[in-house]
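Each chain, written out:
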Amino acid sequence: MSSQSAGTIEQPTTSVGVAMAYRLPDRTRYVTEDSSEDSDAATADASDRKVDERSKSVDQSDAEQSQSTASAASAPPAGFVPPVDLDGLFAEMTRRGVAAGESQGTGVEGVLQFGEGKIADQLGTGELVPGTSRAGEGAGQTTTSVFGVSGSGSTFVYVFDHSESMSASGGKPLRAAKQELIRSLRTLSERQQFQVIFYNDRPKAFSPDGQTTGLVFGEDGIRRRAEAFVNRTVAVGGTEHQLALRMALRLAPDAIFFLTDASIQTMSADQMADIRRRAEQSGTVIHAIQFGSGPEPANSFMKEIARQNRGGYRYLDVVAGG
């Protein structure tokens, strides 16, 4: 299956089939139809000794004895074809997410690339990890916006510049950015997930518990703590865009809202290509909001970032209030 981004428009519902395979030490068991029976811890041992009437089992060692064995645990009939190319599927899952020039098995878990040379279990305290949908409630699609640039999906990451240049004109740029960010957060429900990353020379993400950081649900209590994190952020330091965008893309969100005044520090073609590759791997749309003073610049790396990553772009003269 190929992934499609849900960061810009509502995506059509697609039906898919699922084949489960249990890799045991001596055989592979395929389950090709859902069982209608509920399982629990009390019956787990017993159910393990039974073969579901609607599942099929592949056991090469048992297959040699299938002519003389009539038990339910025998191998499937001759000519049985597994419902999925498991080896090919595993190979494809490992291949996707590996950058050109990188070796297999470095930082790849399924289709997600987490850190440089890391897998999910190796991420340290404070490093971002992908979020998961709340069981029984679904992800909850919605549309939110930042300064009129709209993004759709269920997972959103806000990447906002808080470098020294954002303090120009008495702090008007950062103040406007913080007010709009809080307004956008308040449009999310507890069924959506989000993360806020402020950056200057280094990125800093919101952590509701002060420990491991990742996507969080838009519950009232968590959102209030996120708003406090936004409000206490001040403009200081230099600007390094790439590190913050990489951190955001590690979460594989539906949409990123990327905001900066981009007054001095830009991004090179190689840096933008790196971000585009990572966004394609994660299926993420990147929307860009550029602050400035005076007319919109004819050429802007922010406009190019949005174009390359299927996002929206807007320029705002926040000094003049535009």
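What counts, and at which threshold
Residues numbered from 1 in each chain as written. Predicted model: local features only at pLDDT ≥ 70, side-chain atom pairs only at ≥ 80, totals over all residues. Heavy atoms only, no water. Phe/Tyr/Trp six-rings, centres within 6.5 Å; stacked < 30°, edge-to-face > 60°. Helix = DSSP H or I, 4+ residues; strand = E, 2+ residues; numbered from the N terminus. Buried < 20%, exposed > 50% of the residue type's maximum accessible area, 1.4 Å probe, protein only. Core = buried A, V, L, I, M, F, W, Y, C linked by side-chain atoms within 4.5 Å. Contact = heavy atoms within 4.5 Å. Polar contact = N/O pair within 3.5 Å; in protein donor to acceptor, adjacent residues only side chain to side chain. Salt bridge = Lys/Arg side-chain N within 4 Å of Asp/Glu carboxyl O.

K.L.:
Please give an account of the packing of aromatic side chains that cites residues and values.
P.N.:
In this description, an aromatic ring pair is defined by two values, namely the gap between the centres and the angle between the planes. Going through the model one piece at a time under the given rule, you end up with 9 aromatic pairs. On the numbers, 5.5 Å between centres and 75 degrees between planes, the contact of Phe147 with Phe291 is edge-to-face. Taken together, the residues Phe147 in the loop between β7 (142-146) and β8 (149-153) and Phe291 in strand β15 (residues 285-292) connect sequence positions 144 residues apart. Across the pair, Phe291 and Phe147 agree in class, each one buried. An aromatic cluster of at least three residues, connected via ring pairs, comprises Phe156, Tyr158, Phe160, Phe194, Phe198, Phe206, Phe229 and Phe257.

K.L.:
So what's going on with the nonpolar core? Residues and values would help.
P.N.:
For soluble globular proteins, the rule of thumb is that nonpolar side chains tend to be buried together. If you look at the biggest cluster of nonpolar residues, it comprises 30 residues, and the most contacted ones within it are Tyr158, Phe194, Val196, Ile289 and Phe291. Of all the secondary-structure elements, those providing two or more residues to this core are β9 (155-161), α4 (168-185), β10 (193-199), α5 (220-231), β14 (255-260) and β15. Considering each element in turn, this core owes the most residues, 5 residues, to α4. Ala205, Leu215, Ile275 and Ile286 belong to the second largest nonpolar core, which has 25 residues in total.

K.L.:
How would you explain the side chain of His241 if you had to name every residue and give the values?
P.N.:
Note that His241 resides in helix α6 (residues 241-249). Setting aside its immediate chain neighbours within four residues, His241 contacts Tyr199, Phe258, Thr260, Gln265, Thr266, Met267 and Phe301.

K.L.:
Provide a residue-level description of the side chain of Asn200, including the pertinent values.
P.N.:
Inspection of the secondary structure puts Asn200 in the loop between β10 and β11 (203-205). A residue is classified by how much of its surface remains accessible, and Asn200, at 12% relative accessible area, is buried. From its side chain, Asn200 meets the backbone nitrogen of Arg202 in a polar contact 3.2 Å long. Polar side-chain contacts of Asn200 include one of 2.9 Å to the backbone oxygen of Val236. The contacts of Asn200, once residues within four sequence positions are left out, are His162, Ser163, Val236, Gly237, Gly238, Thr239 and Glu240.

K.L.:
Could you give an account of the pattern of salt bridges, with specific residues and numbers?
P.N.:
Within this structure, the stated rule accounts for 8 salt bridges. One salt bridge in this structure joins Arg223 and Asp220, with 2.8 Å as the shortest N-O distance. Taken together, the residues Arg223 and Asp220, both in helix α5 and 3 residues apart, mark about one turn of the helix. Here Arg223 falls in the buried class, since its relative accessible area comes to 14%. Under the relative-accessibility criterion, Asp220 is labelled partly exposed at 46%. One salt bridge connects Glu296 with Lys303, and the closest N-O pair in it is separated by 2.9 Å. Among the residues examined, Glu296 registers a relative accessible area of 42% and is labelled partly exposed. A single network of salt bridges, built from pairs that share partners, joins Arg246, Asp274, Arg277 and Arg278.

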